[in-house]
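The lines below spell out each chain.
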Amino acid sequence: MLGRPSILLSRSVSFRPENLGQNAMAMIGNLCFTMFVLGVLIFTIIAATYEPEDPLFRPSTKITNFLTSKSNATFRADDTVVRTGEDFLGVNQTAFSTFINLNDVDVPESADGGSVTESNLDCRGKTDDPVDCTDPDVFHLLMRAAIEKFKDIHFYRFGKPVRGSNDSSCHMAWRFRPKEGKTAAFYKDYRSFVVSRSENCTLDVVSIGDYHSGGNARKRKRKNRAGSDGTPGKLDDGFEKTTPKTEGEPVALPVVGEAVNDALPVVESESSFGNGKYLIYSGGGDRCKSMSHYLWSFMCALGEAQYLNRTLVMDLSICLSKIYTSSGVDEEGKDFRFYFDFEHLKDSASVLDQVQFWSDWKKWHKKDRLSLHLVEDFRITPMKLSGLQDTLIMRTFGSVEPDNYWYRVCEGETESVVQRPWHLVWKSRRLMDIVSAISSRLNWDYDSVHVVRGEKAANREMWPHLAEDTSPEALLSSLQDKIDDGRNLYIATNEPDTSFFNPLKDKYSTHFLHEYKDLWDENSEWYAETAKLNNGNPVEFDGYMRVSVDTEVFLRGKKQVETFNDLTKDCKDGINTCTSSS
């Protein structure tokens, strides 16, 4: 009994006024610590469960699960164009020189309203004399005429005019970008100008030809001779340096419309071959898969070659998946250069065609005692191979899928060490030139809509509303608040019968890919150049090429309307698969 009062007294000591402040601080500290622990827990849960939408930025294990089929572990068959290096280039305005406008073009004192008067010349009886295309005043006249005509593009460089097809014609080239351009690329065009001379010596531009009509102004890049200090010569592309320089290193950008030089690289001598170090991937189950699967695996091989500081020996012969062929079967013998920019790849990385490589290896490996190191297990990481001095490292892949996919090499611990060099692989500039030609025929002033139908619209279990949401009536309703009446409207679609969209012609000037088939038919430049790559045999403008061009033209529209973002609430990958981006 005597102890109870003392206990009560001791408990009451903590509530004395002089202790209240300390207790309050302790309670606040405990509360803050609890909130901190709770915040860390929430952040950990989010970080552990978050999955980015873009598969190219997923970890290897995530992209494997995302892009593979549950039945046979192969990549999903896709009908869209693969993203390549130029798609990851940001439109960094500091990378471009200031564009040229009318105020930058000198106006001769005798010029009047865009005309040029030839001085010190008696024009009587000489109105039919040849136009001197090299005259600086004529050069400025042509520049002003081009800038005034093509109002939806920015000009960056003009080439020197040259004589055209007759005495009154001049050809001139220029580099440009569309004003509404969303991609980091330059385009090249060269056109024919018809120039007339009046009785009073005034020169006027009468007309400007179609896209790439000025063939005499098309100059192939050539290297100047090396300097006296041994430095390599710079590329001369035949352009006048009419724009101010920008500070810093120039950014390597695609130039669509230049002559393409994608000849195969060759080894110049026995000694240079013997001193080289090479990597080759052989076999595997990647062949005849979708283009996204092919590129994902190829970029793994290229990344390992760069990590090991070796030349990648690559097979330029591609098997095109049946999802892209008109025959409905896989087709061997397609050339890498049909789809991708091999000139940029060989200029930016060390690569060699495997046919040429094995020919050289057969000639010299015994004589020079060249060694080969065979790797049969994809789990042997590039880090374990970095110290090898053998001339050739050959990775071989078996017949069991998915363990025979090349991209398996880049999974696991390798993922954080070997990076896929996306910036090295660009789309074929021959295909992109077709894209540029279509956009130019529309004067780079059009809007675009992507309409997905086909098998998806027919599968109402997976896409219950797609067919109705992409009907002509629904399209007119959806587009009325997005596209102004009377606009050029490019419709990128997999709908085979384009007459399906005829009701849209009452409001818009509609355009489809098939309207421009002259750009790849037997009389086209594309046809001639691809046939040359194919040993003189004609090349089919296949399904992957079509979807590539169709998609790229769509992306260059000033306004772009997507199927699954703008036209329907159905999910891109089927019912209950919608994400915030689809």
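Please refer to the structure higher up on the page.
Residues numbered from 1 in each chain as written. Predicted model: local features only at pLDDT ≥ 70, side-chain atom pairs only at ≥ 80, totals over all residues. Heavy atoms only, no water.

A. Geometry of the overall build of the protein. The secondary structure content of the protein amounts to 17 helices and 20 strands. At a minimum sequence separation of 6, the contacts of the protein that also span at least 24 residues come to 69%. With the model as given, the accessible surface of the protein reaches about 30800 Å², and the carbon-plus-sulfur share is 51%. (Helix = DSSP H or I, 4+ residues; strand = E, 2+ residues; numbered from the N terminus. Contact = heavy atoms within 4.5 Å. Areas by Shrake-Rupley, 256 points an atom, 1.4 Å probe, with all protein chains shown as cover.)

B. Geometry of the pattern of salt bridges. In total, this model carries 33 salt bridges according to the counting rule given. Glu 258 is the salt-bridge partner of Lys 188, the closest N and O atoms lying 3.2 Å from each other. A residue pair is termed long-range when its members are at least 10 positions apart, and Lys 188 in strand S5 (residues 186–197) and Glu 258 in the loop between strand S9 (255–256) and helix H5 (270–274) qualify at 70 residues. Taking the relative accessible area as the measure of exposure, Glu 258 reaches 3% and is therefore buried. One salt bridge in this structure joins Arg 556 and Glu 552, with 2.7 Å as the shortest N-O distance. In this structure, Arg 556 and Glu 552 share a single accessibility class: buried. Bridged by salt links that share partners, the residues Glu 86, Asp 87, Lys 427, Glu 552 and Arg 556 form one connected network. (Salt bridge = Lys/Arg side-chain N within 4 Å of Asp/Glu carboxyl O. Buried < 20%, exposed > 50% of the residue type's maximum accessible area, 1.4 Å probe, protein only.)

C. Broad picture of the nonpolar core. Judged by nonpolar contacts, the single largest core of 95 residues is most densely connected at Phe 158, Trp 174, Phe 298, Leu 302, Phe 336, Leu 345 and Ile 438. Examining the composition of this core, we find that ten residues originate from one element, helix H6 (residues 291–307), more than from any other. In this view, Phe 298 contacts Leu 312, Met 314, Phe 336, Leu 345, Trp 406 and Val 425; residues no more than four positions away in its chain are not counted. Counting 13 residues, the second-largest nonpolar core is a separate cluster that includes Ile 491, Leu 504, Val 561 and Leu 567. (Core = buried A, V, L, I, M, F, W, Y, C linked by side-chain atoms within 4.5 Å.)

D. Layout of the sheet that holds strand S20 (residues 560–561). Spatially, the four strands line up as an open sheet ordered S19-S18-S17-S20, and their pairing is parallel. Because the sheet does not close on itself, it has two edges, and the strands there are strand S19 (509–511) and S20. Judged from the two bridges that link them, strand S17 (residues 447–451) and S20 form a sheet pairing that is parallel. Pairing of Val 449 across the sheet is with Val 561, part of S20. (Pairing = 2+ DSSP bridges.)

E. Region of the structure containing the sheet that holds strand S11 (residues 311–314). A sheet is described by the order of its strands in space; here five strands give the open sequence S14-S11-S10-S16-S15, paired in parallel fashion. Of all the strands in the sheet, just strand S14 (351–353) and strand S15 (372–375) have a single pairing partner and so form its edges. Between one strand axis and the next, the sheet turns through 25° on average, direction left out of account. Lying on the sheet, H6 is in contact with strand S10 (278–283), S11, S14 and strand S16 (392–397); it crosses S10 at an angle near 155°. (Axes fitted to C-alpha atoms, helices over the stretch in contact; angles between N-to-C directions.)

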